[in-house]
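Now for the letters of each chain:
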Amino acid sequence: FSAALTAASSIVGPIIPPSVAFIIYALVAGNISIGGLFLAGATPGFLLGGGLLVISYLITRIMS
């Protein structure tokens, strides 16, 4: 379970600001706001993180 949880949560890191990938993308693309990218990544990142927290809590309660 811990290996699966770690694998599932590894995709959240590049999404939650401040993400180096967002900064590099904004600098290379040119006319893109870094602040806008941060705001665009915050909501899905926190939703994914919160969802993983809830699912982990429920699974540990069922298994124990």
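Relevant structure appears above.
Starting afresh in each chain, residues are numbered from 1 along the sequence in its written order. Owing to the predicted nature of the model, reporting of local features is limited to residues with pLDDT of at least 70; listing and counting of side-chain atom pairs is limited to 80 or more, with chain, interface and lining totals taken over all residues. In computing side-chain values, all of the structure's heavy atoms are included and hydrogens and water are not.

With that settled, consider the side chain of Ser56. Here Ser56 is to be found in helix H3 (residues 34-63). Contacts are residue-level and defined by heavy atoms, with any inter-residue pair within 4.5 Å sufficient. Sequence-distant contacts of Ser56, that is, excluding residues within four places in its chain, are made with Phe1 and Leu5. Helix and strand assignments come from DSSP, with helices taken as H or I runs of at least 4 residues and strands as E runs of at least 2, each series counted from the N terminus.

As for its position among the elements, Ile15 is in the loop between helix H1 (2-9) and helix H2 (20-29). Sequence spacing of Ile15 and Gly36 is 21 residues, and the spatial spacing of their C-alpha atoms is 13 Å. Not counting residues up to four positions away in its chain, the partners in contact with Ile15 are Phe22, Gly41, Pro44, Gly45 and Leu48.

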